[in-house]
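Secondary and tertiary structure notes
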Amino acid sequence: MAERKLLVLFGSQTGTAQDTAERIGREATRRRLQCRVEALDSCDLANLIHEPLVVFVCATTGQGDPPDNMKMFWRFLFRKNLPPGSLCQLDYAVLGLGDSSYPKFNFVAKKLHKRVLQLGGNPLLPVALGDDQHDLGPDAVIDPWLVALWDKILALYPLPPGLEIISPDTRLPPKYTLHYLPEDSSPPKGDLLQPTAPRAVPSELHPFTAPVVSNQRVTAQSHFQDVRLIEFDITGSGITFSAGDVVMIQPQNCSEDVQQFCQLLRLDPDKCFVLKPTEPGTSLPPLLPQPCTVRHLVTHYLDISCVPRRSFFELLSCFSTNELEREKLQEFSSAQGQEELYSYCNRPRRTTLEALWDFPHTTCAIPADYLLDLIPRIRPRAFSIASSMLAHPDRIQILMAVVQYKTRLSKPRRGLCSTWLASLSPEQGDVRVPLWVKKGGLKFPADPATPVIMIGPGTGVAPFRAAIQERVAQGRRGNCLFFGCRQKSKDFYCQAEWEELVAKGFLTLFTAFSRDQEEKVYVQHRIQENRRLVWELLSSGNAHVYLAG
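Residues numbered from 1 in each chain as written. Predicted model: local features only at pLDDT ≥ 70, side-chain atom pairs only at ≥ 80, totals over all residues. Heavy atoms only, no water.

1. So, the UniProt feature "domain: FAD-binding FR-type" (unreviewed entry) in the protein
- UniProt's entry tags residues 205-445 with the feature "domain: FAD-binding FR-type" (unreviewed entry), counted in the numbering of this structure.
- Between the end C-alpha atoms of residues 205-445 there is a gap of 32 Å, over a span that is 29% helix and 21% strand. (UniProt positions renumbered as here; feature names shortened; annotations may be inferred. Helix = DSSP H or I, 4+ residues; strand = E, 2+ residues; numbered from the N terminus.)

2. A look at the domain arrangement of the protein
- Taken domain by domain, the protein comprises domain 1 (5-156), domain 2 (208-250 + 380-438), domain 3 (255-374) and domain 4 (452-547).
- Its C-alpha centre places domain 1 at a distance of 27 Å from the equivalent point of domain 3.
- In this assembly, 9 residues from domain 1 lie in contact with 7 residues from domain 3.
- Both sides together, the interface formed by domain 1 and domain 3 hides about 710 Å², and carbon and sulfur atoms give 39% of it.
- Contact with domain 3 buries area across many residues of domain 1, yet Asp-19, Arg-26 and Leu-136 alone supply 49% of it, more than any other trio.
- On the surface where domain 1 and domain 3 come into contact, there are 2 salt bridges. (Domains from an automatic or database assignment. Contact = heavy atoms within 4.5 Å. Buried area = accessible area lost by both parts, 1.4 Å probe. Salt bridge = Lys/Arg side-chain N within 4 Å of Asp/Glu carboxyl O.)

3. A look at the sheet that holds strand β21 (residues 544-547)
- Pairing is parallel in the open sheet, where 4 strands are placed in the order β20-β19-β18-β21. At either end of the open sheet lies a strand with only one pairing partner, and these are β20 (507-513) and β21. Within the sheet, the average angular offset between the axes of one strand and its neighbour, ignoring direction, is 15°.
- Of the strand pairs in this sheet, strand β18 (residues 452-455) and strand β19 (residues 479-485) are connected by 4 bridges, and their pairing is parallel. Of the residues in β19, the one forming a bridge with Ile-453 is Cys-480.
- Where helix α16 (residues 495-503) meets the sheet, it contacts β19 and β20, and its direction lies at approximately 140° from that of β20.
- Against the sheet, helix α18 (residues 531-539) contacts β18, β19, β20 and β21, and its axis sits at roughly 135° relative to β18. (Pairing = 2+ DSSP bridges. Axes fitted to C-alpha atoms, helices over the stretch in contact; angles between N-to-C directions.)

4. Some thoughts on the sheet that holds strand β12 (residues 292-293)
- In spatial order, the strands read β7-β11-β12; together these 3 strands make up an open sheet with antiparallel pairing. A single partner strand is all that each edge strand has here, and the edge strands are β7 (176-180) and β12.
- Where β7 and strand β11 (residues 272-277) come together, 5 bridges link them in antiparallel fashion. If you follow Leu-178 over to β11, its bridge partner there is Leu-275.

5. A word on the UniProt feature "domain: Flavodoxin-like" (unreviewed entry) in the protein
- According to UniProt, the "domain: Flavodoxin-like" (unreviewed entry) feature falls on residues 6-150.
- Secondary structure content for residues 6-150 is 32% helix and 23% strand, while the C-alpha to C-alpha distance between its ends is 12 Å.

Rendered as structure tokens:
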């Protein structure tokens, strides 16, 4: 009998595709298939030709781009020298996650499906195109597609004699088990995120812990929005970047939330543990030290402030000993309960921690072994770099709005990363932030004679501050900036810096302060008023135009 094994490969940017891939993995386990779930870039591509059955789950990002964790796979797959029949032994299916309000809706999934077909793969089903814009989100497409997929797979690989599908009421084993260490074992040294000795250029797996040099508010105290200019010291990190690049920052949960979470789940934050994978061959989470304290796990790894997904409620329902709570959790994890879940979770932006408060009987029954199955890891946040190495060597600056807004919940919603960064002050001593740099989407012209028109309202001006600093340091003068904000006296970021560059002849600046007069004025009005200059720069100057929001 053919070996019953399935490989689920995902390309995920925000975690939705990974969540879906893990759901498929659980459903495969219930159907007694041997199943591995991996990011496309972690998979050994040379072995793909030996895989009998693969499900690809991939998101589309930006303008039809593949997510970061499948970029290497993408380049490999489109190599010209791959023989046409190289995947002829492969049965496969592709599930795409996208957003139909973008022109290149599910572009990556469509293109992947076509390419695997070209290489001889045998599609089990047409490509599924999940859509964020649907009232029920991508699940509206995923649910029926998975029913059809399992029918196909079980027809090819019937259940072994005497075995049934494992019922949804039976709890699957956790991915890892936590083994607590004796009281007297010393806590791991990694708990303080020590500055790493630079081996390679810093990356997500090896971030550089950069000291915070300054953290200054650049909006008036009376202004409704708190915007910060924050500077990090990257001396000795080996990091280099140019204008348009992006700094990735790994945030952490605040101590009050960590304390609440530990109390709710009756966890001792100072206990030390090591993780053991349940299945041989499962790799350990790369960002967790071994051994690790519960406090470190909850502070740096578990995303207790994210809005929980359907899979969270599905797993939670398995632990529930309280009938009322279990019924509600089962409703939230059913296809019929998705509108209800949306108005409970997504619309008011309720956090995982708040959801746990609402199910107290279930929460105190959660076994610690399941924490890593239940709660996703904290994802890094991306910020446009707002400074140039030519003007500020060994420094990275960002311009960041602190995210805070109201929903129908009594407590204001706060952005995890921006709230944490805003709270850091170098006066507190040695304050460090784990970071690394990624190439950005904006590329500025190499030819010094090419003029640049930059349109950057609000914090969208950040990458242009980097570009202007860089170009001024190189002696380039053709810099034209359209900047917009509400009021000149309240949120005109970097005003003195721009005015000095205008005075020196390095910058042409047009400002739109929308609330400083009766009728609202925005950057598009200033562009229209200066259409002659803009057209002149475009037609005879060959200017490049950049826009950031």
